[in-house]
Amino acid sequence: LLIHGGGWRGGDKSGYGTRAIQPYLDELADTPHLARLDALDLRGNHIGDDGLAMIATALAGLHTLDLTANSLTVRSLPILHSLRARGIEVLAEPNLTRHAA
């Protein structure tokens, strides 16, 4: 299953999209299905550092995680490194000059 910020991908509904995922991050983190995903594409959802921290522990089975355009800062670097150390290919562009308040 692929969750994508831009809409359904594939005729088999292998992807689900929403740009307004922020209010639902706690539900996403708590779903038992999240651990069974191969890839999670959250491009453009601007989940931020706190959102990444909220879902990071539930991403055990992922091979690929796309966090492009998610308003990540230097605060997310330890989580990004941890995910990569677990063998997850992480696509992200953290803003290393900006610190979250």
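Scroll up for the structure.
Quick look at the structure, then. Because the structure is predicted, anything quoted here is derived from the model rather than measured. (Residues numbered from 1 in each chain as written. Predicted model: local features only at pLDDT ≥ 70, side-chain atom pairs only at ≥ 80, totals over all residues. Heavy atoms only, no water.)

1. Brief notes about the pattern of salt bridges
- As enumerated under the stated definition, the model contains four salt bridges in all.
- In this structure, the salt-bridge partner of Arg-75 is Asp-49, at a minimum N-O distance of 3.9 Å. In this pair, Arg-75 sits in the loop between strand E4 (64–66) and helix H3 (77–85) while Asp-49 sits in helix H2 (residues 48–56), placing the two residues 26 residues apart along the sequence.
- The exposure class of Arg-75 is partly exposed, given its relative accessible area of 41%.
- Given a relative accessible area of 6%, Asp-49 falls into the buried group. (Salt bridge = Lys/Arg side-chain N within 4 Å of Asp/Glu carboxyl O. Helix = DSSP H or I, 4+ residues; strand = E, 2+ residues; numbered from the N terminus. Buried < 20%, exposed > 50% of the residue type's maximum accessible area, 1.4 Å probe, protein only.)

2. Re unusual backbone geometry
- Notably, Ala-69 is not glycine yet its phi reads approximately 60 degrees, a positive angle.
- Mapping Ala-69 onto the fold places it in the loop between E4 and H3.
- In this structure Ala-69 comes out as partly exposed when scored by relative accessible area, which is 35%.
- Of note, the phi angle at Ser-71 is positive, near 55 degrees, even though the residue is not glycine.
- Relative to the elements of secondary structure, Ser-71 occurs in the loop between E4 and H3.
- Since its relative accessible area comes to 32%, Ser-71 is described here as partly exposed.

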